[in-house]
Amino acid sequence: AAAQSLRLAALASEVASAGHFEEVIKVIDGMISQLAAEEQKDQEKVDACKDNYQKLDSAEKDTEWKLNTTMAKMDKLEALIEQRVSEKAEVASQLAEVVESIASLKGNRTEDNTAYLQAKSDDEKAVGLLQQAQAALEEYYAKNGVEVGPLG
């Protein structure tokens, strides 16, 4: 605004001193061409700002899309983590049951083995006693002349 006032003052001064319209027309033509140049610069600046705005808007939308995509991936991975944690807990529970079952079976096997070994020992002692009894009877029968028929 101050620059235009100075220009108008200069124009008025030229008109007052020259008194001819040709000078005024030249000055007005000069101002018009200067305004056209300024308008061109302003239009270039507006175009550059619009381009910059479009780039920023595009970048914002791209970033927003990436954010939404990343958030969806995170939600999917969190659900997968929860599923895996649940599966892990289930497997751990099953493993505990298997370990308990193995311990129970081992205990049963130990008891059964102990009972088997005791029965085997008892049977071996009985066989030994029967052999002693057979030997004693054979000796008795041999001393006393008792004949025993075929066995079996």
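Reading guide: rules and limits
Residues numbered from 1 in each chain as written. Predicted model: local features only at pLDDT ≥ 70, side-chain atom pairs only at ≥ 80, totals over all residues. Heavy atoms only, no water. Helix = DSSP H or I, 4+ residues; strand = E, 2+ residues; numbered from the N terminus. Buried < 20%, exposed > 50% of the residue type's maximum accessible area, 1.4 Å probe, protein only. Areas by Shrake-Rupley, 256 points an atom, 1.4 Å probe, with all protein chains shown as cover. Salt bridge = Lys/Arg side-chain N within 4 Å of Asp/Glu carboxyl O. Expected span 1.5 Å × (residues − 1).

Asker: Summarise the overall build of the protein; cite the residues concerned and give the values.
Answerer: Looking only at helices and strands, one finds 2 helices and 0 strands in the protein. Sorting the 152 residues of the protein into buried and exposed places 3% on the buried side. Accessible area for the protein stands at about 13,500 Å²; split by element, carbon and sulfur atoms hold 59% of it.

Asker: Break down the pattern of salt bridges for me, citing the residues and quoting the values.
Answerer: With the rule as written, the count across this model stands at 4 salt bridges. Among the salt bridges present, the one from Asp57 reaches Lys61, with a minimum N-O distance of 3.5 Å. Note that Asp57 and Lys61 are positioned in helix 2 (residues 21–144) at a spacing of 4 residues, about one turn of the helix. For Asp57, a relative accessible area of 25% translates into the label partly exposed. Residue Asp62 is joined to Lys66 by a salt bridge in which the shortest nitrogen-to-oxygen separation is 3.3 Å. With Asp62 and Lys66 both in helix 2, this residue pair falls 4 residues apart, about one helical turn.

Asker: Kindly report on helix 2, identifying the contributing residues and their values.
Answerer: Taking 1.5 Å of rise per residue, the 124 residues of helix 2 would be expected to cover 184 Å, and the 178 Å separating its terminal C-alpha atoms lies within 8% of that figure. Buried within helix 2 are the following residues: Val24, Val27 and Met31. Where helix 2 ends, the next residue or the one after it, Gly145, has phi of about 70°, a positive value.

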